[in-house]
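Fold and geometry: a report
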Amino acid sequence: MDLPVVVGVDGSESSLRAVDWAADEAVLRGAPLRLVYASLWERYEGESLTDDLVKPSDQLTAEDIVAVAARRAGLRRPGLKVITDVLPEEPEYALVRESRDAAVLVLGSRGRSGFVEMLLGSVGLAVAAHSHCPVIVLRGSHDNQVRTGDGGRIVLGVGGKEAVDFAVREAGLRGAEVDAVRAWRCPARETTDHPLLSGEPARLHEQQASDTLEEALRDLPKEVHVHRQTVEGPARQVLLAASHNADLLVVGARRGTGHLGLQLGRVAHGVLHHAACPVAVVPERI
């Protein structure tokens, strides 16, 4: 059986929107959808999940949460195989383990119960930093749909091969275009105020960015059409600007080990906090 699309649910509106996205993604891939709730707390207290779920108590069990999510996925995508699970453990550990046997992991951008305390909290960043599969976080004011057909646009922040492969595959599934972007900067120490010399360092760094872009994309099949673009500026700012007109932003996760353990790079960290569209963070081999 194909690896499932896994989505973390906690009963929040954000996680239910993630269920919509994940259901669409699963259908595109011909894969089952796996809904996972994880918490050390036995019960969740809060507002009712949806208008069609009314209970006399404000306490809603984990089983209620996954049942509502499963019903939502079934209504959105009839015929989709949906699997549910409730795990009595810390959410970040549960999701990272789930990622070992997942095609992709989908999370909302904000959570309610601590399960998807996204992404300005510790859980989402920990999952993105340690996941074994690509993680899609639903940033931005999107319409909860995986866009298909003409007009879709996937922005790829060109780095490692894994991110390139993921972006191309997603574009193929959706019939979307890929805009491959490589940012470049001219270090301040190489600039000069002399009018005859000021452009030379910039041209050198722009050419290096173009060469890097071509090298990363050189093994793509001929039928794959990718728009190449080099842009001057910090990579994080360049990609955030590009996200405003994108349906998905794909970046690689080059993870470094710091004093707090395994951490995401600055670019991935920045777009997860501020992108205007959903973000896919793809693990890269070091």
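See the structure printed just above.
Attention in this report is confined to the structure presented alongside it. Counting restarts for each chain, with residues numbered from 1 along the sequence as it is written. Residue-level local features of this predicted model are given only where pLDDT is at least 70; pairs of side-chain atoms are given and counted only at 80 or more, and the full residue set underlies all totals for whole chains, interfaces and linings. Values shown for side chains rest on all heavy atoms present in the structure; no hydrogens or waters enter the calculation.

**Thoughts on helix α5 (residues 161-174)**
Helix length check: α5, at 14 residues, gives a terminal C-alpha distance of 20 Å against a target of 20 Å (1.5 Å per residue), a fit within 8%. Turning to α5, its buried residues are Glu-162, Ala-163, Val-164, Phe-166, Ala-167, Val-168, Glu-170, Ala-171 and Arg-174. A helix here means a DSSP run of H or I that spans at least four residues, while a strand means a run of E at least two residues long, and both kinds are numbered starting from the N terminus. Immediately beyond the C-terminal end of α5, within one or two residues, lies Gly-175, with a positive phi of roughly 70 degrees. To estimate the expected span of a helix, subtract one from its residue number and multiply by 1.5 Å. Only protein chains enter the accessibility calculation, which uses a 1.4 Å probe. A residue is then buried if its area is under 20% of the maximum for its type, exposed if over 50%, and partly exposed in between.

**Some details on the sheet that holds strand β6 (residues 104-108)**
The strand order across the open sheet built from 10 strands is β5-β2-β1-β6-β7-β14-β11-β8-β9-β10, with neighbouring strands paired in mixed fashion. Here the strands that pair on one side only, and so sit at the sheet edges, are β5 (82-87) and β10 (226-232). With direction set aside, neighbouring strand axes in the sheet form an average angle of 25 degrees. In this structure, strand β9 (residues 177-184) lies alongside β10, joined through 7 bridges in parallel fashion. For Asp-179, the partnering residue across the bridge sits in β10 and is His-227. Contacting β6, β7 (135-138), β8 (153-157), β9, β11 (248-253) and β14 (279-283), α5 runs over the sheet at an angle of about 155 degrees to β11. Following DSSP output, two strands are said to pair if at least two bridges run between them. Lines fitted to C-alpha atoms define the axes here, with helix axes fitted over just the stretch in contact, and angles between the N-to-C directions of these axes take values from 0 to 180 degrees. Between two residues, a contact is recorded if the distance between any of their heavy atoms is within 4.5 Å.

**Some words on the pattern of salt bridges**
Put simply, a salt bridge is a Lys or Arg side-chain nitrogen that is within 4 Å of an Asp or Glu carboxyl oxygen. One pass over the full model with this rule turns up 17 salt bridges. Two residues, Asp-24 and Arg-76, come together in a salt bridge whose shortest N-O distance is 2.9 Å. Here Arg-76 lies in helix α2 (residues 62-76) and Asp-24 lies in helix α1 (residues 13-29), a separation of 52 residues in the sequence. The salt bridge involving Asp-24 is made with Arg-77; its shortest N-O contact spans 2.9 Å. Note that Asp-24 is positioned in helix α1 and Arg-77 in the loop between α2 and β5, a separation of 53 residues in sequence. Asp-24 sits in the buried class, given a relative accessible area of 4%. Connected through salt bridges with shared partners, the residues Glu-13, Asp-20, Asp-24, Arg-72, Arg-76 and Arg-77 form a single ionic network.

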